[in-house]
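So the chains spell out like this:
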Amino acid sequence: MPTPAGRVCPVPVVHRRWRPERTLLYRLVQTHLSTWLTLRDDGLGQSAPALSEREFRRYLDCGILAHGFARARCADCGHDFIVAYSCKGRGVCPS
Ligand SMILES: [Zn+2]
């Protein structure tokens, strides 16, 4: 299919954004993170490790366009699309 740039994209690519907010893991973390953090903090100095809390909070921002994105362009056809930023976490995030 010819493009506005006058070139033909050899393989039409439809970029489908990953939607973490639709996954069971995301909804589970979103729903229960604050409860878990509250229950884990027993008032005796035992609380959730800061790393765990940070990983979970970053995971909730991962892939959500409202938390940042980049615009990309197909070098072949010039089609623009957006890519949401990733949390780059290794503990919780499956992306
Ligand atoms: Zn992530």
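Given the structure is predicted, the values throughout are model-derived calculations rather than measurements.

Asker: If you had to explain the side chain of Glu55 to someone new, which residues and values would you point to?
Answerer: For Glu55, the location among the structural elements is in helix H2 (residues 50-61). One buried charged side chain, Glu55, makes no salt bridge at all; its nearest oppositely charged neighbour is Arg58, positioned 5.2 Å away. Apart from residues no more than four positions distant in its own chain, Glu55 is found in contact with Gly89, Arg90, Gly91 and Val92.

Asker: Give me the lowdown on the coordination of the zinc ion, citing residues and values where you can.
Answerer: Here the zinc ion is held by Cys62 (SG), Cys87 (SG) and Cys93 (SG), and the distances to it run 2.1 to 2.2 Å. Here the donor residues of the zinc ion are spaced in sequence according to C-x24-C-x5-C. With a gap of 25 residues between them, Cys62 in the loop between H2 and strand E1 (69-73) and Cys87 in the segment after strand E2 (80-84) connect regions that are remote in the sequence. No difference in accessibility class separates Cys62 from Cys87, as the two residues are buried.

Asker: Requested: an account of the pairing of E1, with residues and values cited.
Answerer: Two elements, E1 and E2, share 5 bridges in a ladder whose sense is antiparallel. Bridge pairing in E2 places Ala70 opposite Val83.

Asker: Quick rundown of the pattern of salt bridges? Include the residues and the values.
Answerer: Evaluated as defined, the whole model comprises 5 salt bridges. Linking Arg19 and Glu21 is a salt bridge whose minimum nitrogen-to-oxygen distance equals 3.8 Å. Glu21 sits in the partly exposed class, given a relative accessible area of 28%. Arg73 serves as the salt-bridge partner of Asp80, at 2.7 Å between the closest nitrogen and oxygen. Taking the relative accessible area as the measure of exposure, Arg73 reaches 53% and is therefore exposed. Members of the salt-bridge network, linked through shared partners, are Arg17, Arg19 and Glu21.

Conventions and cut-offs
- Residues numbered from 1 in each chain as written.
- Predicted model: local features only at pLDDT ≥ 70, side-chain atom pairs only at ≥ 80, totals over all residues.
- Heavy atoms only, no water.
- Helix = DSSP H or I, 4+ residues; strand = E, 2+ residues; numbered from the N terminus.
- Buried < 20%, exposed > 50% of the residue type's maximum accessible area, 1.4 Å probe, protein only.
- Lys, Arg positive; Asp, Glu negative; His and termini not counted.
- Salt bridge = Lys/Arg side-chain N within 4 Å of Asp/Glu carboxyl O.
- Contact = heavy atoms within 4.5 Å.
- Donors = N, O, S within 2.8 Å, 3.2 Å for Na, K, Ca; no water.
- Pairing = 2+ DSSP bridges.

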